[in-house]
Each structure stands twice: as structure tokens, then as C-alpha cells.
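Chains, contacts and geometry: an overview
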Amino acid sequence: MNGRSLRPLRLCIVDMNNGHVNQAMRCLRGIVAAFFERVRTHNPGMICEVVEVSPRDTNAPIPEACDLYLSSGGPGSPFDGEGEPWTRDFSRLLDGVVESAIRGGADRRALFAICYSFELVVHHYRLADIVPRADRKFGVMPIYTTPAGQQHPLLSPFGDRLFAFEHRNWEAVNLDEGRLSSFGGKLLARESRDGISKGRAILGLEVAPGVEAVQFHPEADRAGVMNWVARPEQAAAFKATYGEVTYQAMLRTLDDPRRLARTYALVIPGWLGRCFNEIAVHRGYVELPPIEDIPCTRFGAHCRAEEPAASPARSSSAGEQVASRI
């Protein structure tokens, strides 16, 4: 089938950074660009479109006519927008995604939530308590998978532990496992193997059909983390909190292709490919093969610290979404 006759694929990046510029958006755009490249390699001529919307600072509505949603982290309290139009819109989006996933078929949608968005999802479905931490957690940290997480396609490549960048002042604790189960969800990852010794935070969930969420930052690449680590005030804060030995260990982790590199290469790209294949059979797309677990090559190829030249510019109108074809 001619790629031009195929239904276009639309992906929305929901920017929850409240107008703050950071490395995460560069990383997400790079991951999306690489995903679209894979899609078009197997579906020549197919139109792939990315839309960006920044609801917290513009109240711009999140478009419903997208297939995949990546909802980012961001600063501040997950309760900051309580009652505002953008939070109601985000809640409608979540419920609509779940309903579409339950129906299945060509119109199935899916959403992946990161950090701040994870907290919004947990709060919306009342799955756990969202509470402030006694102190900020930041840096490259181990993430411990649960037995369910080790079997789940999102985290199964990693065994019982993966490494990811964390930067948060809030956390989800006291999971209501019965309520999560009632939505068809599963606990995938947490802060400690035993759920207590290194912290009680919930770090990864399959929330409901079509919605998966993590508290950590799987989009973080080496260039972005090094940009953060190189700031004297952040390095000093990290050493004051965790010590010089742990700081040096984090630097070694950044150079280890089995750690942060694998998380970057496999988590979100794997989710995107899996969700694409869910609708491929219904739309006449050629399915994508599994991602090869060779992150060191891919990690280096997509880790430029500068903003990609093709990145869409922020719209000057609060009511407009930014769209471009990658």
C-alpha cells in the first residue's frame, strides 16, 4: 500500500514545564524524531506529525485527535493547578484515552506520563497519596522493578533494576492496590526493593488500559544530565546531600552504556513501538520490529546537547498548538 494513502500518525507532546526551558523537551523531541524515522523506514511515505501543547502556562487545550501522547515532567506542586481549566482538560484526556484503549481498534489512543504528569495521573485516579518529600531527590538513581514489572514489556529488559535520572520534591506513597487492580493496573517499579529501606515511593505503574506512567525521567540522556551536573550549584547540592563518593559513582554511571543509556534507548522508544503496533493491524501499517538492545550506539547518535534545528518553535498565541512534520 502507498504510504501516502495510509492514515497519518499523530503524536502529541504535552509540555508540563509551565513555560520553563529544560533539557527534557529536547530529549523528547529527539526520541520522537527517531521513532518517526523507524515508522517511515517500514512504512515509506507515511505522514507522521508531532503536535506540542503547553497547558500549564497557556491553558491551551490538549488535542483529542492524536494517537500517542507523551506527557512530560515539570516543576512545582501537582496540586498547583487544582480546579483550573488545564487540569480538567488533562483529566478528560486521561479518561478518553482509557475509554479508547478499552474499545481498541484503529482509534485506540495511548498516553505515557513522566514525573509531574505521573503525579497528576496518580492523583486523578486516586491511586495513592501524593506528598512532599522531606528533601529533594535528584541525580541518576536505581529504580527497582517489581515481579510484575519484570514481566511487563515496559521494563522487562532490565531485570530487577534500572538506572534513571530523578528530580522531584513530591512522591506517591501508600498505593491503593485494590483500586489500581480495579482499573486493570499493575505496580511496575518502586524506590526500594522491599518498598521501605531506600524510600517508599511508587516509581512505575501500568495505570489502566492505554495509560502507563513513571515518576523518573526515562527521556534523560547523558548530554542533558551532564548539562545539569556541570552546574556548580547542582554539583555542590548533590555532594552535600549524597556525598562525594556517590557523586563520583554517578559520573561513572553516566559513562556506562548498560545504565542510563539503556533506559533512554529502551523505555520510551519501546513504549512507542508497542503502541504503534497496537493500531498497525487496524490501519494497514507495517508493524515495527522490537528495538535492538544495543543502546550504546543509539545513545551516542541522539545525544546532542544543542536544540535540533528542526524543533518546532513555541507558538506566540496561547490558544494555538505547535505542529510540525518530522
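Shown above is the structure to which this text applies.
Residue positions are given per chain, counting from 1 as you read along its sequence in written order. Under the rules for a predicted model, residues below a pLDDT of 70 receive no local features and side-chain atom pairs below 80 are neither given nor counted, while totals for whole chains, interfaces and linings still include all residues. Calculation of side-chain values draws on the structure's entire complement of heavy atoms; hydrogens and water are dropped beforehand.

Moving on, we get to the packing of helix α7 (residues 222-229) against helix α9 (residues 244-254). In the contact formed by α7 and α9, the axes pass within 10 Å of each other and the chain directions differ by 155°. Taken together, the axis directions place α7 and α9 in an arrangement best described as roughly antiparallel. Crossing of α7 over α9 shows left-handed handedness. On α9, the residues touching Arg222, Val225, Met226, Trp228 and Val229 of α7 are Tyr247, Met250, Leu251 and Leu254. Only the stretch in contact is used when a helix axis is fitted, and all axes are lines through C-alpha atoms; the angle between N-to-C directions ranges over 0 to 180 degrees. Helix numbering and strand numbering both begin at the N terminus, where a helix is a DSSP run of H or I of at least 4 residues and a strand a DSSP run of E of at least 2. Roughly parallel means an angle under 35 degrees; roughly antiparallel means over 145; roughly perpendicular covers 65 to 115; every other angle is labelled oblique. In this scheme the handedness of a crossing depends on how the near helix is turned from the far one: anticlockwise by less than a right angle means left-handed, clockwise means right-handed. Here, two residues are considered to be in contact whenever any of their heavy atoms come within 4.5 Å of each other.

Turning to α9, a few remarks are in order. Of all the positions in α9, only Tyr247, Met250, Thr253 and Leu254 are classed as buried. Along α9, the residues classed as buried sweep out an arc of 115° about the axis, all on the same side. Seen from the buried face of α9, the exposed residues on the opposite side, beyond 90 degrees, are Val245 and Arg252. The inward-facing, buried residues of α9 contact β5 (129-145), β6 (161-173), α7, α8 (232-242) and α10 (260-283). Only protein chains enter the area calculation, which uses a 1.4 Å probe; residues under 20% of their type maximum are buried, those over 50% are exposed, and those in between are partly exposed. Relevant arc is that of directions from the helix axis to the C-beta atoms, nothing else.

The term salt bridge refers to a pairing of a side-chain nitrogen on Lys or Arg with a carboxyl oxygen on Asp or Glu at a separation within 4 Å. All chains considered together, the criterion is met by 23 salt bridges. Here aspartate 80 makes a salt bridge to arginine 56, at a shortest N to O gap of 3.9 Å. Residue aspartate 80 is located in the loop between β3 (68-71) and α3 (85-103), and its partner arginine 56 is located in helix α2 (residues 55-58); the two are separated by 24 residues in the primary sequence. Classification of aspartate 80 by relative accessible area gives partly exposed; the value is 46%. Shared partners join several salt bridges into a network, and the residues in it are Arg133, Asp135, Lys137, Glu166, Arg168, Glu171 and Glu191.

Any helix carries an expected span of 1.5 Å times its number of residues minus one. Between its terminal C-alpha atoms α10 stretches 34 Å, which fits the 34 Å expected from 24 residues at 1.5 Å a residue. Taking the largest bend as the criterion, α10 deviates by roughly 25°, centred on glycine 270. Positive backbone phi, at 80°, marks glycine 284, one or two positions downstream of α10. To get the bend at any residue, fit one axis to the seven residues that end at it and another to the seven that begin at it, then take the angle between the two axes.

Summarising the element assignment, alanine 237 is placed in helix α8. The exposure class assigned to alanine 237 is partly exposed, which follows from its relative accessible area of 22%. C-alpha of alanine 237 to C-alpha of phenylalanine 138: the two residues are 99 residues apart in sequence and 9.5 Å apart in space. Residue contacts for alanine 237: discarding those within four places in its chain leaves Arg136 and Phe138.

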